[in-house]
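# Structure at a glance
What follows is the residue order along each chain.
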Amino acid sequence: MDLIDELRWRGMFHDMMPGTEEHLRQNAPISGYIGFDPTAPSLHIGNLATIMLLVHLQRAGHRPLALVGGATGMIGDPSGKSAERNLLDETALRRNQAGIQAQLEKFLVFDDSPTGALVVNNYDWFKDFGFLGFLREVGKHLTVNYMMAKDSVKRRISGDENSGAEGLSYTEFSYQLLQGYDFVHLFRTYGCTLQMGASDQWGNITTGTELIRRMGGGDQHNDSPSNSATQSPKAYALTGQLITKADGTKYGKSETGTVWLDASLTSPYQFYQFFLNAADADVPRLIRVFTLLTKEEIEALEAEHAEAPHKRTLQKALAEQVTTRVHGAPAYEAALAASQVLFGGGELASLDEATLLDVFAGVPRVEVPRAELAEMNVVSLLSEATGGVIFPSKGEARKMMQAGGVSLNREKATPEQLATDVTPLLGQYIVAQKGKKNYFLLKLV
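Just so we're clear, the structure is a prediction, and the values are computed from it rather than from any experiment.

### Digging into helix α13 (residues 283-290)
Burial runs high along α13: six of the eight residues are buried. Of the surrounding elements, those touching the buried residues of α13 are α1 (3-9), α3 (45-59), α12 (268-276), α14 (295-307) and α15 (313-327).

### Here we look at the sheet that holds strand β6 (residues 236-240)
If you walk across this open sheet you meet the six strands as β1-β6-β5-β2-β3-β4, and the pairing is mixed. Edge positions in the sheet fall to β1 (13-16) and β4 (118-121), since each has one partner strand and no second. Adjacent strand axes in the sheet meet at a mean angle of 25 degrees when their direction is disregarded. Set on the sheet, helix α4 (residues 90-104) makes contact with β2 (31-36), β3 (63-68) and β4; between it and β4 the angle comes to about 165 degrees. Helix α11 (residues 202-214) rests against β1, β5 (192-198) and β6 of the sheet, and its axis sits at about 170 degrees to β6.

### Thoughts on the pattern of salt bridges
For the coordinates displayed, the defined rule picks out nine salt bridges. Put simply, E210 and R213 hold a salt bridge, and the shortest N to O gap is 2.7 Å. Here R213 and E210 lie together in helix α11, a separation of three residues that amounts to about one turn. The network of salt bridges with common partners includes D2, D5, R8, E21 and R25.

### Digging into the environment of L425
By the element assignment, L425 lies in the loop between β11 (411-412) and β12 (429-434). Taking relative accessible area as the criterion, L425 reaches 11% and is therefore assigned buried. Linking L425 and S350, residues 75 residues apart in sequence, is a C-alpha distance of 9.5 Å. Each residue touching L425, except ones within four places of it in the same chain, is listed here: L348, A349, L356, N409 and V431.

### Overview of a nonpolar patch on the surface
A cluster of nonpolar side chains, namely F131, L132, L135 and Y170, defines an oily patch on the protein surface of about 470 Å² accessible area. In terms of residues, the nonpolar patch owes the most to one element, helix α6 (residues 131-137), which gives three residues.

### Topic: the sheet that holds β12
As a general point, the strands of a sheet are linked pairwise by backbone hydrogen bonds and lie either parallel or antiparallel. Taken in spatial order, the five strands make up an open sheet running β9-β13-β12-β10-β11, and their pairing is mixed. Since the sheet does not close on itself, it has two edges, and those belong to β9 (365-368) and β11, each with one partner. Pairing of β12 with strand β13 (residues 438-444) involves six bridges; the strand directions are antiparallel. Following the sheet pairing, Y429 is matched in β13 by K443.

### Describing the environment of L108
Structurally, L108 can be placed in the loop between α4 and β4. Other than its neighbours up to four places away in sequence, L108 contacts L54, V55, Q58, P64 and A117.

### Regarding helix α10 (residues 175-190)
Compared with an ideal rise of 1.5 Å per residue, which puts 16 residues at 22 Å, α10 spans 22 Å between its outermost C-alpha atoms and is within 8% of the ideal. One or two positions beyond α10, positive phi appears at G191, with a value near 65 degrees.

### Some details on the packing of aromatic side chains
Enumeration over the complete set of coordinates arrives at eleven aromatic pairs. For the ring pair F126 and Y181, a centre distance of 5.7 Å and an interplane angle of 55 degrees mean the geometry is tilted. Within this pair, whereas F126 is found in helix α5 (residues 123-126), its partner Y181 is found in helix α10, the two being separated by 55 residues in sequence. Three or more aromatic residues link up through ring pairs in this structure, and these residues are F126, F129, F134 and Y181. When the ring centre of F13 is taken as reference, the NZ or CZ atom of R8 above it lies at 4.9 Å.

### Digging into the nonpolar core
Core analysis: the largest hydrophobic core is formed by 59 residues, its most contacted members being I45, L48, I51, F275, F290 and L318. Here this core gets nine residues from one element, more than from any other, and that element is α3. Counting residues in hydrophobic clusters, the runner-up holds 28 residues, among them L178, F183, C192 and L211.

### Description of the packing of α14 against α15
At a closest axis distance of 8 Å, the pairing of α14 and α15 adopts a crossing angle of 140 degrees. In terms of axis orientation, α14 runs oblique to α15. Of the residues in α15, those touching α14 at L301, E302, E304 and H305 are T313, L314, Q315 and A317. Of the residues assigned to the contact of α14 with α15, the class counts are three nonpolar, three polar and two charged.

### Considering the side chain of N409
You can see N409 is positioned in the loop between β10 (406-408) and β11. The class for N409 is buried, based on a relative accessible area of 11%. Ignoring anything within four residues of it in the chain, the contact list for N409 reads L348, V422, T423, P424, L425, Y429, I430 and V431.

Conventions adopted
- Residues numbered from 1 in each chain as written.
- Predicted model: local features only at pLDDT ≥ 70, side-chain atom pairs only at ≥ 80, totals over all residues.
- Heavy atoms only, no water.
- Buried < 20%, exposed > 50% of the residue type's maximum accessible area, 1.4 Å probe, protein only.
- Helix = DSSP H or I, 4+ residues; strand = E, 2+ residues; numbered from the N terminus.
- Contact = heavy atoms within 4.5 Å.
- Pairing = 2+ DSSP bridges.
- Axes fitted to C-alpha atoms, helices over the stretch in contact; angles between N-to-C directions.
- Salt bridge = Lys/Arg side-chain N within 4 Å of Asp/Glu carboxyl O.
- Patch = residues over 30% accessible without salt bridge, like charges linked within 9 Å, V, L, I, M, F, W, Y side chains within 5 Å.
- Areas by Shrake-Rupley, 256 points an atom, 1.4 Å probe, with all protein chains shown as cover.
- Expected span 1.5 Å × (residues − 1).
- Phe/Tyr/Trp six-rings, centres within 6.5 Å; stacked < 30°, edge-to-face > 60°.
- Lys NZ or Arg CZ within 6 Å of the ring centre and 35° of its normal.
- Core = buried A, V, L, I, M, F, W, Y, C linked by side-chain atoms within 4.5 Å.
- Parallel < 35°, antiparallel > 145°, perpendicular 65-115°, else oblique.
- Nonpolar A, V, L, I, M, F, W, Y, C, P; charged D, E, K, R; others polar.

This is the structure in structure tokens:
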């Protein structure tokens, strides 16, 4: 199966310039690139779909180039934005670039073969490119009318109150020219003939193909999607679908915000839970986009899921595949164990401190002086010592314990039990469970 066919059955294909499919089939291996914005220290799951475009490009026998926009990251892409972003300094951008490259290495094969991936940084070719030189060599090739016709520019420059737009600075207006020159540089330096990206990048991508044509190399072509263009350029464009939920809203946010690929920003447990909790309406598409499972494997999982949706077969497969790829098999196993602790009765003692705190991140927490434990039983511990957070009175605590409704670190608590009989997890934590669903985390200080 070639690249375009692969993207189509996975629901990842959006559009391409005429001649792109033939170019891919007849000139393997070609080099194709996608740009990544280094304005954060990590990529997020919204970037995963574009990363997977590069993965499929390489698997189809081509060479992927990942461009980290150290220069354009100082400017900011106006596409999809209603306000200008804060600009970062070079030190921050270099730090972010290093983090992004490390994440890309989990998805792409970097070696010396004709299809070996390469990471490039456009700051390397822009840092010594003077303003006047850039205007003379590049800027003169595109008219203001051409640049203003792009949808991303029109939305911002109109200042439409209903859209929330705040106008467009010259800094952001120039973004498409800088990105277009990226394609020119990669075309000349690496023989890169294809730029890919999400569908909202079509305008910026076609600016690059137009610059290549006007600055030398490439046939005349129409700057419109494939259904209206008629001639084949020598630089090509391909866009993938934006990933949205079944209700049309943007995918990639959890209740606590952006889901990052960096474990220090979004823990493996939180990452795993995000995919595990995917809606039934969304997961068939997500598993096609974010995993490398074959069509036959996915259809078999869908059939199994349809027979018993409550088992969440598709969600479990999706969460396993993506968590393992991003964080590694040990992190996936730890996330799975943590999930079983909360929902399947797994061993609390198996969790490290970071995972334990992740698992119980949303439950009430109470600090209890360790020195007071010797003087009390568990009835007092769960009422007076915790300030009534768990039980408002000793009587209520005692009554529920007698009914078998209270557990401490997964062991049933009894009214006669001493507080010192409970062995703290990691020497300082006690997980109290009241009924089936109410959890509390006690920390001994």
